[in-house]
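Survey of secondary and tertiary structure
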Amino acid sequence: MKQGDLYGLLIEFESPSLLAAAAMRVRDAGFKKWDVHSPFPVHGMDDFMGIRGTRLPFIILGGGLIGLAAATLMQWWMNAVDYPFVISGKPLFGLPANIPIMFELTVLFSAFAAFFGMWGLNGMPRWYNPLLTSKRFRRATQDRFFIVIEARDPAFKLEKTREFLASLGGSEVEEIHESAED
Amino acid sequence: MKSSATDYLNNTSDDPRYTQELILGGNDFTSITETVSDIVLERKTPLAWYVMFTITAGLTGILFLMIGYLFLTGVGVWGLNNPVGWGWAIVNFVFWVGIGHAGTLISAILFLLRQKWRTSINRFAEAMTIFAVICAGIFPGIHVGRVWVVWWLFPIPNFQNMWPNFRSPLLWDVFAVGTYATVSLLFWYTGMVPDLATLRDRAKGRLQQIIYGVLSLGWVGSHRHWHRYEKAYLILAGLATPLVLSVHSVVSFDFATAQLPGWHTTIFPPYFVAGAVFSGFAMVGTILIPARQFFGLKEIISLHHLENMNKIILATGSMVGFAYATEFFIAWYGGNPTEGFAFVNRAFGPYAWAYWIMVTCNVVTPQLFWFKKLRTSIPVMWVLYIFVNIGMWFERFVITVSSLSRDFLPSSWAYYRPTIVDILTFLGSWGLFFTLVLLFIRFLPMVAMAEVKTVMPIADPHSGERHIVGDYHGDIPEHVRRKGHK
Amino acid sequence: MNDKSVRIEDTNTSLTGLGRRGFMISAVVGVIAMAATVALGAAAGDGMRRLGYTYLISYAYVLSVSLGALTFLPIMSVTKASWHIVIRRLAEVMAAVMPLLAILAIPVILFAGKIYGWADPQIAASAAMAHKAAWFSQGAFILRWVIYFCIWSGYGIFFWRQSLAQDVSGDDNITRRVENLSGFSIMIGAITIAMASFDLLMSVDPLWFSTIFGVYYWAGGFVSFFAVLTLLTFGLQNTGRMTRIVSPEHIHDYGKGMFAFTFFWAYIAFSQYMLYWYANIPEETNWFLERSREGWGKLGIFLIFAAFVLPFAGLISRYAKRHRKMLAFWAVWIIAAQWLNLYWVVMPSFSEKFVFGVMDVTCFIGIAGLWLAAITRLAMGHSLVPLKDPRLEASLRFENA
C-alpha cells in the first residue's frame, strides 16, 4: 500500500511545561486546525490553546429537563389516568410520593446526555486515526506530549510550518500520512 | 521531615507547611504507566490468582445453584416466617448497595471537594461499586416470589393494561438502584477510556490491541477532547453527588415510610447514607490493602491515602453512632410506647447479641482511628475494616429483623432464623463479588493512570517556580528522576 | 484565573476607619429596632406572647449562622483545607460571638412560659407529656442552655484566640493543636446542635418529634452562614479591604457552598416531610397539618420555591457563582428565605391563621444588628486575615481546578 495524503506534522515534547510554551506559540501563529495530545489534561491548556467553552452543559441541561418531564408525565398518566387505583390512601398523583422517581430520571437522562453528548461532540468512537500510524505517537497516552498541525489548516505550508515547529524546541518533526506504508 | 531511606513510604506527616506528596518513590509519568499497565499486559498471571479465582467461581456457582433451587421450590426455602417477611435477602440487598456507595463518593464527591488523593483509589472503588450493586440487584429480584412476573417492576406496556404503582418505595428502589448502576457504569467507563487507550498503545498482542482499541473508542489524548471530557466528568460528578445521596435514602424509605416501630423515623435517609459510605470505605480498604501489597502499588496508594480513608471511616462511623443515639433519644422523647419498646427490645431483646455486635463494630472500634498510630498501622486498619464490614451487615440485620420479629401484636411475635439456603446464597454473593474483582484486577487498569498523572507535581506546566503566564522558558523539573532521590 | 503574584501585603487587612463606624451604626440600628420591637410587642396587648415568638425565630436564625461558622471552622481544619484561610477570620469572628448569643438567649428563657407548649399547664398535664415532665422543667431547660453555651463559647473563643495567637507567634503547632481538637468539636457540635434544635424550636410543640430535626436546623444555618460570609466579604471589599487576596476563585467557592447546601437543606426538608406525609400517623402529621392551612400552607409552597427551587436554579451555573452581583443577590435571598423557613416552623404554633407584621422585621433587624455590632467590635484592632497561617500562601494562590 502506498502512503496516503499528508495528514499533518507532528512534534514531540518531554514535559507539560515545554508543551505549554509551544502551544502558546502555535496559537499566536494563528493556526486553526491543530491540536495538542497529552496523556492527561494539562492544566491551563484551554487558555494556552485558545479553546473556548463547550455547549455540552446545555445539552446536559436539556437531557435533564426531558428526564424530569418524562418522569412526571409517565407517573401521572400511568397512575392517575390510564390505570388509576387507590393504594394506602395516597392520592393518585401527589408530589411527595412521585418526587423520588422524578429525581432519578432527571439524573439518568442528564447522565446519558453527558455521556453520549461528550463522545458525540468529540467525534468518537473513531476507529481509525492517522496519528496512530506513528510509533512515537503511542506515547501520547503514556508519557509524552505532542503538537499536531493538520495539513488542511489554511495557514499550513509544509516547509514553513515544518521550520516553525522545529523552532518550538521539541523533538524532530515527523510527517503523518492518512495511511501508513505497509 | 523524616526522610531516611527506609521510611520514604511514610507520607503521613502533619506538618501544615508541607503539601503531602501523593505519589512516592520519585515516580514519573513513565514509571506510573509501566507499574499499572504491566499488571494487566506484562505480568504473568500469578498462581494465587488462579487459586482464588477457582474458589470464588465455585462460590458463584453455589449462588446460582441456590437461586435455581429457590426458583424451583419457592421462598419457603428461606427462613422467612410470619411476621418476619423480610429476612436475609433484604439485609444482603441493603448491605451490598451500601458497599456500593464508596466508589461514587470517592470519584464524585471527593472530586468536587478537590481531594487529589482520590485519584489513586477511585478506579478501584468505582469498580467495586459496580460489582457490589450487581450483587445487591440480585436479592430483590429473587425475592419477589413469582419470578416469572418480575418484569411487572418496570413500566412495560402489557395486555392486562396494568402499570406499576409509582407511589411505592419499592418501585422507587428499582429506579434509584437502576439509575445508580447505570450512572456509575458510565462514570467508571468514561474515566477508564484514556487508560484503555494507554493499554491499547502498550499492548503487544494483536487480540489485546483490538480489544483495548475498541474499548478506548479511538482516544488519542487530544486536548480538544480533554476539554469536553473534563467538562463532562465534572458534570457527571455533580450529578452523581446528589444521586449517591438519593440511592441509600430511597433504600431507607423502604423502611422509613412504613409505620413499623424502629423503621419509621426521619433521620433514616442521611443516616443510611452515612452508614453506606462507612461500609463502602471499609470494603475498599479490605481489598485495597492486599492489592497494593501484592501488586507493588505502595508508592501510588500510599499510607497517606489510607490514613485519609480511615479518617472518613471515623467520621461516618461517628455519624452512624450519632444517628443510633438520636433514634433512642426520640423514641423516649416521642413517648410512643411501641416505639420505645422497639428500641429497648433491640438492645435487650432476643436479638440483643446482634445489636451489641453492631454497636461494637460500628461505633466503638472505629473510634480507635482517633489515634494516629493506629490509623496509620496497616494491620490495625485492616482488622478494623473487617469489623466494620461485620458491623454494617448486622446493622441491617438488626433494623430488619428485630423490628419485624416483635411488632405491635405480641401474639404474632416469632424468632427468625436463617436456613442453610440463606447462608449459602449470601456466601455465594461474596463469591460473585470477588470473581468480578479478580477479573477486574486481571484485565483492567486498577489505578486511574491519567488522573494520577495530573496530581503529580511535574504535571503542572508551571511546576517548580512561579512562572508568569507567557514565559516561554519551560523547564524539565529537577525532580523528574527515578527512585532514590530521597 | 488567579493572579499568582498577589501578596498579602498588597491589601488592607484592617478594619481601621470602618470598624468604629460600623460598630456604632449596627449597634444603634440594633438597639432602636429592638426598642421598636418591644414597643410593638407591648402594643399587641397579648402579654408579649407575639413578641416572644418572633424573638425566638430571629434569635434561632442568627444563632444558626454562628453555629454554621462553628462547624465550618473545624471541618476545614480536620480536612487540612487551605482555600478558606484568607477568609477564615470572618468565620472565626462569627463563631467567637457565642457569649453575646448566650446573653441574647436570656429573653428566650424568660419568654419560655409564653412560647413553649410544655410550659402550658394544659399540655403539660397530658398523658403524653408525663414521662418528660422533668426534662421540660424550667431548671432542666436552663441547665441545658448553660451547657450548650459553655461548649459553644468555649470552642468559638478557642478558635479565635488560637488564631490571634498565631498572628503574633507564627507557630505552626497552633495549626496542629486546633486540628487535633477540631475532630472532637465536630462530634460535640453535632450532639449539642441537635439537642439545642430540639429544645429551641421543636419543643415549641412538645408533642411533636422528628429525629432529623437537628440536621434540618443545622443545614438551614449552614447555607445561611455561606450567604452571610459572602455579604461580609463583599462589604469589606467594597470598602477597600481584603481586595485582590479574596479572588473570584474564593467567591466561586462561596457560590458552591450556597448551591450545595441549598440542595442539602431541601433534601433534608423533603425527607422529613415525605416520611411523615407517607406514614400518615396522627401524632406526627399534626405538626404539618397546622402548617398547611390558613395561609401557612401557601407560605410552605412559596418556601419550596424561595428556599430551594429558585436559588438552586439561580446558582447552578459557574457563571452565576463567579458573578459578584448575582451572588450577592442570592445571598440576600437565601438569608430571607431561610429566616422565613424558621418563621414557618415556629409561628403556626402561635396562630392558626397566617400572621406577619412589622414587628417580625424589626426584631430580625434588631438581633442581626446587635450581632453585627458584636462581630465588628471583636474584629476591631485585629487583622482580618490570619497573617501567619502556614497555609495562607496556598490560599492566596488557590484555583478551582
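Refer to the structure presented above.
Since the model is a prediction, treat every value here as computed from it, not as a measurement.

1. Details of the overall build of chain A
In terms of helices and strands, chain A carries five helices and four strands. Each helix and strand of chain A, placed in order from N terminus to C terminus, yields the pattern β-α-β-α-α-α-β-α-β. Relative to the globule expectation of 16 Å for 182 residues, the C-alpha radius of gyration of chain A, 25 Å, shows a markedly less compact shape. Dimensions of chain A, computed from C-alpha atoms along their principal axes, come out at roughly 80 × 40 × 30 Å. Residues classed as buried in chain A amount to 51% of the 182 residues present. Long-range contacts, defined here as pairs at least 24 residues apart, represent 79% of the contacts in chain A between residues at least 6 apart. Put simply, chain A shows about 8300 Å² of open surface, and 60% of that area lies on carbon and sulfur atoms. Of the charged side chains in chain A, 18 are positive and 20 negative, and the gap between their average positions amounts to 3 Å.

2. Quick look at the interface of chain A and chain C
With nine residues of chain A at the contact, the number on the chain C side is nine residues. Interface area for chain A against chain C, summed over the two sides, is near 770 Å², with a carbon-plus-sulfur share of 80%. If you sort the residues of chain A by the area they bury against chain C, His43(A), Lys90(A) and Pro96(A) come out on top, with a joint share of 57%. Where chain A meets chain C, there are zero salt bridges. In this assembly, chain A and chain C are joined by one residue pair in polar contact (both at pLDDT 80 or more). Per-element accounting of the side of chain A that touches chain C gives the leading share, five residues, to helix α4 (residues 95-121) of chain A.

3. Points about the pattern of salt bridges
Between side chains of opposite charge, pairing is possible as soon as their charged atoms come close. Counted under the stated rule, the structure contains 28 salt bridges over all chains. Taking the shortest distance from any N to any O, the salt bridge between Arg136(A) and Glu174(A) comes out at 3.2 Å. With Arg136(A) in the loop between α4 and β3 (145-150) and Glu174(A) in strand β4 (residues 174-177), this residue pair connects regions lying 38 residues apart in the sequence. Here Glu174(A) falls in the partly exposed class, since its relative accessible area comes to 22%. As a salt-bridge pair, Arg123(B) and Asp195(B) come within 3.0 Å of each other at their nearest N and O atoms. Here Asp195(B) lies in helix α6 (residues 169-202) and Arg123(B) lies in helix α5 (residues 118-143), a separation of 72 residues in the sequence. For the pair shown, Arg123(B) and Asp195(B) are each scored as buried. Look at the salt bridges and you will find they share partners, linking Arg88(C), Arg89(C), Glu92(C), Asp167(C) and Asp389(C) into a network.

4. Notes on the sheet that holds strand β2 (residues 34-37) of chain A
All names here are of chain A. Read from one edge of the open sheet, four strands run β2-β3-β1-β4, paired in antiparallel fashion. Each of the sheet's edge strands pairs with one partner strand only, and the pair in question is β2 and β4. Taking each pair of neighbouring strands and ignoring which way they run, the sheet shows an average axis angle of 25°. The sheet contact formed by strand β1 (residues 6-13) and β4 spans four bridges and is antiparallel. Looking at β4, one finds that Leu9 is bridged to Glu175. Packed on one face of the sheet, helix α5 (residues 158-166) meets β1, β3 and β4 and runs near 10° to β1.

5. What about the nonpolar core?
Within the largest apolar cluster, 342 residues are counted, with the highest numbers of intra-cluster contacts made by Ile147(A), Trp96(B), Tyr59(C), Leu63(C), Trp152(C) and Leu200(C). Broken down by element, the residue count for this core peaks at 18 residues, all from helix α8 (residues 223-256) of chain B. Here this core gathers at least three residues from each of two domains, domain 1 (3-53 + 129-179) and domain 2 (56-121) of chain A. Once residues within four sequence positions are removed from consideration, Leu200(C) is found in contact with Leu56(C), Tyr59(C), Ala60(C), Leu63(C), Val108(C), Tyr116(C), Trp145(C) and Tyr217(C). If you look at the next biggest cluster of nonpolar residues, it comprises nine residues, including Leu131(A), Phe137(A), Val148(A) and Ile176(A).

6. Thoughts on the environment of Ser377(B)
Structurally, Ser377(B) can be placed in the loop between α13 (372-375) and α14 (378-405). A relative accessible area of 18% means that Ser377(B) is categorised as buried.

7. Observations concerning a nonpolar patch on the surface
Residue and element names in this part refer to chain C. Side chains of Ile25, Val29, Phe354, Phe356, Val361 and Ile365 sit close together on the surface and give an oily, nonpolar patch of about 500 Å² of accessible area. Looking at the nonpolar patch, the elements with two or more residues in it are α1 (19-43) and α14 (358-379). Inspection of the secondary structure assignment puts Phe354 in the loop between α13 (324-346) and α14.

8. A word on unusual backbone geometry
Following Met124(A), the chain continues into Pro125(A) via a peptide bond in cis, with omega recorded as 5°. Relative to the elements of secondary structure, Pro125(A) occurs in the loop between α4 and β3. With an omega of 15°, the peptide bond running from Asn82(B) to Pro83(B) counts as cis. By the secondary structure assignment, Pro83(B) is in the loop between α2 (47-73) and α3 (88-99). Positive phi, close to 60°, is recorded for Leu217(B), a residue that is not glycine. Tracing the backbone through its elements, the reader meets Leu217(B) in the loop between α7 (206-215) and α8. For Leu217(B), a relative accessible area of 10% translates into the label buried. At Met48(C), a residue that is not glycine, the phi angle is positive and equals roughly 65°. In this structure, Met48(C) sits in the loop between α1 and α2 (49-78).

9. Quick look at helix α7 (residues 172-200) of chain C
All names here are of chain C. With 29 residues, α7 extends 39 Å between its outermost C-alpha atoms, agreeing within 8% with the 42 Å of an ideal straight helix rising 1.5 Å per residue. The sharpest bend along α7 reaches about 30° and sits at Ser182. Between the side-chain oxygen at the start of α7 and the backbone nitrogen of Asn173 there is a gap of 2.8 Å, and the oxygen is on Asp171.

10. Topic: the interface of chain B and chain A
The interface of chain B with chain A comprises 66 residues on the first partner and 76 residues on the second. Carbon and sulfur atoms supply 69% of the area that chain B and chain A bury against each other, a total of about 6400 Å² over both sides. When the buried surface of chain B facing chain A is broken down by residue, Trp163(B), Arg167(B) and His223(B) rank first, second and third, together holding 14% of it. Taken together, the connections running from chain B to chain A amount to zero salt bridges. Our enumeration of links across chain B and chain A arrives at 29 residue pairs in polar contact (both at pLDDT 80 or more). Sorting the residues of the side of chain B that touches chain A by element identifies α1 (29-41), α6, α7, α8 and α16 (449-454) of chain B as the ones contributing at least two each.

11. Observations concerning the pairing of β2(A)
Residue and element names in this part refer to chain A. Burial along β2 is two-sided: Trp34 and Val36 facing one way and Asp35 and His37 facing the other are all buried. Two elements, β2 and β3, share four bridges in a ladder whose sense is antiparallel. Within the sheet, the bridge partner assigned to His37 lies in β3 and is Phe146.

12. Some thoughts on helix α3 (residues 56-82) of chain A
In this model α3(A) runs 36 Å from its N-terminal to its C-terminal C-alpha over 27 residues, within 8% of the 39 Å that 1.5 Å per residue would give. Among the residues of α3(A), those classed as buried are Leu56(A), Ile60(A), Gly63(A), Gly64(A), Gly67(A), Ala71(A), Met74(A), Gln75(A), Met78(A) and Asn79(A). The secondary structure elements touched by the buried residues of α3(A) are α4 of chain A together with α6 and α8 of chain B.

The rules behind these values
Residues numbered from 1 in each chain as written. Chains lettered and ligands numbered in written order. Predicted model: local features only at pLDDT ≥ 70, side-chain atom pairs only at ≥ 80, totals over all residues. Heavy atoms only, no water. Helix = DSSP H or I, 4+ residues; strand = E, 2+ residues; numbered from the N terminus. Rg over C-alpha atoms; globule rule 2.2 N^0.38 Å. Buried < 20%, exposed > 50% of the residue type's maximum accessible area, 1.4 Å probe, protein only. Contact = heavy atoms within 4.5 Å. Areas by Shrake-Rupley, 256 points an atom, 1.4 Å probe, with all protein chains shown as cover. Lys, Arg positive; Asp, Glu negative; His and termini not counted. Charge placed at Lys NZ, Arg CZ, Asp CG, Glu CD. Buried area = accessible area lost by both parts, 1.4 Å probe. Salt bridge = Lys/Arg side-chain N within 4 Å of Asp/Glu carboxyl O. Polar contact = N/O pair within 3.5 Å; in protein donor to acceptor, adjacent residues only side chain to side chain. Pairing = 2+ DSSP bridges. Axes fitted to C-alpha atoms, helices over the stretch in contact; angles between N-to-C directions. Core = buried A, V, L, I, M, F, W, Y, C linked by side-chain atoms within 4.5 Å. Domains from an automatic or database assignment. Patch = residues over 30% accessible without salt bridge, like charges linked within 9 Å, V, L, I, M, F, W, Y side chains within 5 Å. Expected span 1.5 Å × (residues − 1). Bend = angle between axes of the 7 residues up to and from the residue.

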